[in-house]
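# A closer look at the structure
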Amino acid sequence: MSEITSRGYANPDVLVSTDWVAQHLNDPDVRIVESNEDPLLYPSGHIPGAVQVDWTTDLNDPLRRDYLDRAGFEALMSRIGVTNETTVVFYGDKNNWWATYAMWVFQLFGHDRVKIMDGGRLKWEQEDRPFTRDVPHYPPATYHAPERDDHAIRAFRDQVLKHIEGGRPLVDVRSPDEYTGKKLHMEGYPQEGALRGGHIPGAKNVPWARAVNTTDGTFKTADELRAIYEQEQGLKPDDDIIAYCRIGERSSHTWFVLKYLLGYPNVRNYDGSWTEWGNSVGVPIEK
Amino acid sequence: MIPEKLTEILDDFSNISDRNERVEYLIEIADRFPAVKVPPEVATRPYDEARRVPACESDAFVWAVEQPDDTLKFYFDVLNPQGLSAMAMSVILDETCSGQPLEQVAAIPTEIVLQIFGREISMGKGQGLMGIVSLVQHEARKRLSGA
């Protein structure tokens, strides 16, 4: 039994170790994808053969606040040499925060051959594994994507309103200061992109990074995760859950943890998050 | 009016249209971070939380030490070893604002972050970097007001 399998996850195959990645660097059926919060990291050095998927320039619609469409996704996959049969392994900085975000967007197009490298960039670096500044170029691939399907894993503002009316659970994964609205009132600092501070009524505050071990960025065991989300916060595996943060990036990390590591079937990410809710007229807010 | 050295570096960035060139330039700048890192005689860990940049996900800290000529010398730390952008921002602020007239440092707009890193920077990242600028600006304003 591998170390990851021994942690008791519902879907252990969705995580791979740094050893696994090292053994698959030249595997034509695997594409390693780095996705970071810090735009300088990939160019400063990355896993040999890894391509970059940038959240801002690759995954967002350039005009509207939305994600890329089917044609855009097919073009992205072609550019990074990914076919419908390719297994995509994401990794990145900040405990794989942006890696899970990229994975979430890939899931909107149903690309389910996806994995996360446990520990992300931090663990690869700690193990003194190689980095290169050489940017690989793969032959353009042919990729057939379905239309983007938002309904299963993405939540919109009106759905969130109904969700709270129904008394169903939300997880606010921001820091306690953001949750209470304290940061918005610090004089002299840039605003958090919202006119109002606080949180969506009834939301539980579980900062996203509690799901990882700070020493090496690996995910906590299933028992440790259940202790946080179930014993401490009272979530149940069959709950209909919506996670949110500021723009949906940190909450995609919690979405990944709940959906894949704990195997909850109904978890959605509200990517409008606080930048939409805290700017919306008339929606309820709690402090 | 902002410090002349800052105007010069903003001019440099305004002449860069290629994203890769901008990134390479910023990585070179971030490499100079050890020179601006807070020395033990100014602060040692665990740092005073009042020095922390609130919106910065890279755990950046800023200190300002008064100089005999009534200017400030700025020091920084970035606890996230992968926080290259925060390191580059710190280097730029030290190299352009330390030893400069306080009125000019107090006048630095946080929007310089977009001029330096480009408008495509993510909102969260941009706000964290603006937080570093805000703290530098805040230190200068504090001295000017006699607080």
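## Focus on the overall build of chain A
- Scanning chain A for helices and strands turns up eleven helices and nine strands.
- The C-alpha atoms of chain A give a radius of gyration of 19 Å, which matches the 19 Å a tight globule of 287 residues would have.
- Considered along the principal axes of its C-alpha atoms, chain A spans approximately 50 × 45 × 40 Å.
- Relative to its 287 residues, chain A shows a buried fraction of 57%.
- A separation of at least 24 residues holds for 77% of the contacts in chain A among residues at least 6 apart in sequence.
- Here chain A has roughly 11800 Å² of accessible surface; of this, 49% comes from carbon and sulfur atoms.

## Regarding the interface of chain B and chain A
- Taken together, the contact between chain B and chain A spans 28 residues of the former and 31 residues of the latter.
- With both chains or domains summed, chain B and chain A bury close to 2500 Å², and 56% of this area falls on carbon and sulfur atoms.
- Of all residues in chain B, Pro54, Glu57 and Gln82 of chain B give up the largest surface area on contact with chain A, accounting jointly for 28% of the area buried on that side.
- Where chain B packs against chain A, one counts six salt bridges.
- On inspection of chain B and its partner chain A, the count reaches eight residue pairs in polar contact (both at pLDDT 80 or more).
- Elements that contribute at least two residues to the side of chain B that touches chain A include exactly helix H2 (19-30), helix H3 (84-97) and helix H6 (123-144) of chain B.
- In terms of residue count, H6 of chain B provides more of the side of chain B that touches chain A than any other element does, eight residues in total.
- When the residues that make up the side of chain B that touches chain A are grouped by side-chain class, the tally is 13 nonpolar, ten polar and five charged.

## Details of the domain arrangement of chain A
Residues and elements named next belong to chain A.
- Domain boundaries in chain A define domain 1 (5-126) and domain 2 (157-277).
- The gap between the C-alpha centroids of domain 1 and domain 2 is 22 Å.
- Tallying the contact residues gives 26 residues for domain 1 and 33 residues for domain 2.
- For the pair domain 1 and domain 2, the interface holds zero salt bridges.
- When residues of the side of domain 1 that touches domain 2 are traced back to their parent elements, those giving at least two are helix H5 (97-108) and helix H6 (120-126).
- If you tally residues by element for the side of domain 1 that touches domain 2, the top one is H5, at seven residues.
- Residue classes in the side of domain 1 that touches domain 2 are distributed as 13 nonpolar, eight polar and five charged.

## Here we look at the sheet that holds strand S6 (residues 170-172) of chain A
Residues and elements named next belong to chain A.
- One open sheet accounts for four strands, arranged S7-S6-S8-S9; its pairing is parallel. Edge positions in the sheet fall to strand S7 (204-205) and strand S9 (267-270), since each of these pairs with one other strand and no more.
- The sheet contact formed by S6 and S7 spans two bridges and is parallel. Its bridge partner lying in S7, valine 171 is registered against lysine 204.
- Relative to S9, helix H7 (residues 157-165) is tilted by about 125°, and along the sheet it contacts S6, strand S8 (241-244) and S9.
- On the sheet, helix H10 (residues 249-261) packs against S6, S8 and S9 and is oriented at approximately 180° with respect to S9.

## With respect to the nonpolar core
- Counting 58 residues, the largest nonpolar core has Phe90, Tyr229 and Phe256 of chain A as the members making the most contacts within it.
- Counting residues per element, the ones that place at least two in this core are helix H3 (55-59), helix H4 (70-79), strand S4 (87-91), H5, strand S5 (114-117), helix H9 (222-232) and H10 of chain A.
- With ten residues, H5 of chain A is the single largest residue contributor to this core.
- Counting residues domain by domain, this core receives three or more from each of domain 1 (5-126) and domain 2 (157-277) of chain A.
- Aside from chain neighbours lying at most four places away, what touches phenylalanine 256 of chain A is Val14, Leu15, Thr100, Met103, Ile116, Phe219 and Leu261 of chain A.
- Core analysis: the next-biggest nonpolar cluster, separate from the first, contains 49 residues, Phe76, Ile92, Ile112 and Val133 of chain B among them.

## Quick look at the pattern of salt bridges
All names here are of chain B.
- Summed over all chains, the structure comprises 37 salt bridges over all chains.
- Between arginine 32 and glutamate 95 there is a salt bridge, and its shortest N-O distance comes to 2.8 Å. Pair noted here: arginine 32 is in the loop between H2 and strand S1 (60-66) and glutamate 95 is in helix H3, with a separation of 63 residues, a long-range link.

## Quick look at the pairing of S8 of chain A
All names here are of chain A.
- Side-chain alternation along S8 places Ile241 and Ala243 on one buried face and Ile242 and Tyr244 on a second face that is also buried.
- When S6 meets S8, the two strands line up parallel, connected through three bridges. Counterpart to leucine 170 in the pairing with S8 is isoleucine 242.
- Pairing between S8 and S9: four bridges, direction parallel. Bridged to tyrosine 244 within S9 is tyrosine 270.
- Handedness of the crossover joining S8 and S9 through H10 is recorded here as right-handed.

## Focus: the side chain of asparagine 269 of chain A
- Note that asparagine 269 of chain A resides in strand S9.
- Beyond its immediate stretch of four places on either side in the chain, asparagine 269 of chain A contacts Trp104, Ile153, Arg154, Ala155, Ala243, Gly248, Ser251, Ser252 and Trp255 of chain A.

## Points about the sheet that holds strand S3 (residues 51-52) of chain A
All names here are of chain A.
- Reading across the sheet, the five strands line up as S1-S5-S4-S2-S3 and stay open at both edges, with parallel pairing between neighbours. On the outer flanks of this sheet lie strand S1 (15-16) and S3, each paired with one strand and no other.
- Where strand S2 (residues 30-34) meets S3, two bridges bridge the pair, whose relative direction is parallel. Looking at the pairing, valine 33 lines up with valine 51 of S3.
- Sitting on the sheet, H5 is in contact with S4 and S5, with an inclination near 150° to S4.

What counts, and where the lines are drawn
- Residues numbered from 1 in each chain as written.
- Chains lettered and ligands numbered in written order.
- Predicted model: local features only at pLDDT ≥ 70, side-chain atom pairs only at ≥ 80, totals over all residues.
- Heavy atoms only, no water.
- Helix = DSSP H or I, 4+ residues; strand = E, 2+ residues; numbered from the N terminus.
- Rg over C-alpha atoms; globule rule 2.2 N^0.38 Å.
- Buried < 20%, exposed > 50% of the residue type's maximum accessible area, 1.4 Å probe, protein only.
- Contact = heavy atoms within 4.5 Å.
- Areas by Shrake-Rupley, 256 points an atom, 1.4 Å probe, with all protein chains shown as cover.
- Buried area = accessible area lost by both parts, 1.4 Å probe.
- Salt bridge = Lys/Arg side-chain N within 4 Å of Asp/Glu carboxyl O.
- Polar contact = N/O pair within 3.5 Å; in protein donor to acceptor, adjacent residues only side chain to side chain.
- Nonpolar A, V, L, I, M, F, W, Y, C, P; charged D, E, K, R; others polar.
- Domains from an automatic or database assignment.
- Pairing = 2+ DSSP bridges.
- Axes fitted to C-alpha atoms, helices over the stretch in contact; angles between N-to-C directions.
- Core = buried A, V, L, I, M, F, W, Y, C linked by side-chain atoms within 4.5 Å.
- Right-handed = clockwise from strand over helix to strand, strands pointing away.

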